Amino acid sequence: GGGIVTDRNPSPSFSPSQSPSQMPTVSYQPTDQYRQLERNALIAFFESTNGEGWSETTNWRTSAPICDWYGVSCTGGAIESIYLGGNNLEGPLPTEIGLLKTLLELSLSFNELSGSLPSEIGLLSDLLH
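Just so you know, these numbers come straight off a predicted model, no measurement behind them.

Asks: How would you summarise the state of the cysteines if you had to cite specific residues and measurements?
Replies: Linking two cysteines covalently via their sulfur atoms produces the bond known as a disulfide. All chains considered together, the criterion is met by one disulfide. Here C67 connects covalently by a disulfide to C74, the sulfurs 2.1 Å from one another. With the S-S dihedral at roughly -95 degrees, the linkage between C67 and C74 falls on the left-handed side. Here C74 falls in the partly exposed class, since its relative accessible area comes to 24%.

Next comes the structure, spelled out in structure tokens:
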């Protein structure tokens, strides 16, 4: 008769009880093509929200790495957060915001944004706030 054979000495596997230092790490390294896409999305964001009128624009639309643009924070080269609260942003969010796939936090409070949120913001599956 054929029965189910089980391995009495299973190989080690990941369990949620492991401490963070034992967890496998995944490093995200964006490709040059993706970095250009992010840069274009941020430029569209700048232009859509009246970037010329922002209170602070350090490095925006320059050749500086996007992680050095005012209000943009990165981890491992991937955009993690955008903090532009109280920076005199005006206008709608562009659809290109949905291209920032690694974005976890988007803080735009105390600005004069208008219009509805673009549906593309739903593509940001990792967005926390």
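Asks: Talk me through the nonpolar core; I want residue IDs and the actual numbers.
Replies: With 22 residues, the main nonpolar core has L42, F45, W60, I79, I82, L84 and L100 as its most contacted residues. Counting residues per element, the ones that place at least two in this core are α1 (32-48) and β2 (78-83). Counting residues per element, this core draws most heavily on α1, which supplies four residues. Ignoring sequence-local partners within four residues, the contact set of L42 consists of W60, I66, W69, V72, I79, I82 and L100.

Asks: Help me get a handle on the pattern of salt bridges, residues and values and all.
Replies: Considering all chains together, one arrives at two salt bridges under this definition. Residue R61 is joined to E52 by a salt bridge in which the shortest nitrogen-to-oxygen separation is 2.2 Å. Residue classification places R61 among the partly exposed positions, given a relative accessible area of 39%. Connected through salt bridges with shared partners, the residues E47, E52 and R61 form a single ionic network.

Asks: How would you sum up the sheet that holds strand β1 (residues 72-75)? Please name residues and give values.
Replies: Hydrogen bonds along the backbone pair up the strands of a sheet, which may run parallel or antiparallel. Taken in spatial order, the three strands make up an open sheet running β1-β2-β4, and their pairing is mixed. Single-partner strands in this sheet number two, and they are β1 and β4 (105-107). Direction aside, neighbouring strands of the sheet carry axes that sit 25 degrees apart on average. Across four bridges, β1 lies against β2 in antiparallel orientation. Each bridged residue has a counterpart across the sheet, and for S73 the counterpart in β2 is S81.

Asks: Please give an account of unusual backbone geometry that cites residues and values.
Replies: Positioned with a positive phi, N59 is a non-glycine residue whose angle comes to about 70 degrees. Even without being a glycine, N88 presents a positive backbone phi close to 65 degrees. Of note, N88 is situated in the loop between β2 and β3 (90-91). Here N88 falls in the partly exposed class, since its relative accessible area comes to 32%.

Asks: If you had to explain the environment of I43 to someone new, which residues and values would you point to?
Replies: By the secondary structure assignment, I43 is in helix α1. Looking at I43, the relative accessible area reads 23%, which means it is partly exposed. Each C-alpha atom of the pair I43 and T62 lies 9.8 Å from the other, and the pair is 19 residues apart in sequence.

Thresholds applied
- Residues numbered from 1 in each chain as written.
- Predicted model: local features only at pLDDT ≥ 70, side-chain atom pairs only at ≥ 80, totals over all residues.
- Heavy atoms only, no water.
- Disulfide = S-S within 2.5 Å.
- Buried < 20%, exposed > 50% of the residue type's maximum accessible area, 1.4 Å probe, protein only.
- Core = buried A, V, L, I, M, F, W, Y, C linked by side-chain atoms within 4.5 Å.
- Helix = DSSP H or I, 4+ residues; strand = E, 2+ residues; numbered from the N terminus.
- Contact = heavy atoms within 4.5 Å.
- Salt bridge = Lys/Arg side-chain N within 4 Å of Asp/Glu carboxyl O.
- Pairing = 2+ DSSP bridges.
- Axes fitted to C-alpha atoms, helices over the stretch in contact; angles between N-to-C directions.

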